[in-house]
Structure formats: C-alpha cells, structure tokens
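Per-entry structural report
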Amino acid sequence: MLLALGGGALFFLIVASLLTIPLFALAQFTEPGRGTGREWFRDGLRWAVLGGALVAAGAGAGLAWWLRKGGRIPQPPKPWDVE
C-alpha cells in the first residue's frame, strides 16, 4: 500500500508540473508585470492541481488493486544473473 501511495504522489507531481509550468511560462511571457496575478492563471493552476490529484489518486488506486491481485513490480536483471 505504501508503494501505491508513493507511486500516486510521484505521478501527481509529474502531471502537476507538466500542466502548470507551461501555464506559468505563458503568463509570464504575455504580461511580465502581472501575468501570474490574472484570474485565468489562478483558475488554470487550480484546475491543473485538481486534475493532477485526481489522476494520481486513480493511478495509486489502480496500482494498489494490481498489487493486491498478485501483481509485482518488475526488477531489472542483475549483472551477475547472466544465463
């Protein structure tokens, strides 16, 4: 379960950054003085964080379900396990 929470949190951070960084850059470049203080930017940030949280919760729940059904996280082969 801890792995699912960690995976969900990581996924949330990645999705949130992918959505918010372009919005921030667009706001800064269009109006350097007050771009991030505009209402559409704050609304976009709110929607991006909400969307990221929902996607992360779904990913974490899916991973937890998969692990409970007997799934496992694949491990990379070790260099000394050569056949």
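Check the entry above for the structure.
Everything in this summary refers to the structure shown in the same document. (Residues numbered from 1 in each chain as written. Predicted model: local features only at pLDDT ≥ 70, side-chain atom pairs only at ≥ 80, totals over all residues. Heavy atoms only, no water.)

On to the overall build of the protein chain. What the protein chain contains, in helices and strands, is 2 helices and 0 strands. Residues classed as buried in the protein chain amount to 17% of the 83 residues present. Considering only intrachain contacts with a sequence separation of at least 6, the fraction spanning at least 24 residues in the protein chain is 52%. When the accessible surface of the protein chain is summed, it comes to about 6500 Å², and 71% of that surface belongs to carbon and sulfur atoms. (Helix = DSSP H or I, 4+ residues; strand = E, 2+ residues; numbered from the N terminus. Buried < 20%, exposed > 50% of the residue type's maximum accessible area, 1.4 Å probe, protein only. Contact = heavy atoms within 4.5 Å. Areas by Shrake-Rupley, 256 points an atom, 1.4 Å probe, with all protein chains shown as cover.)

Let us now look at the environment of Ile 73. Within the fold, Ile 73 resides in the segment after α2 (39-68). Overall, the relative accessible area of 35% leaves Ile 73 in the partly exposed class. The spatial distance from the C-alpha of Ile 73 to the C-alpha of Leu 63 is 9.8 Å, given a sequence separation of 10 residues.

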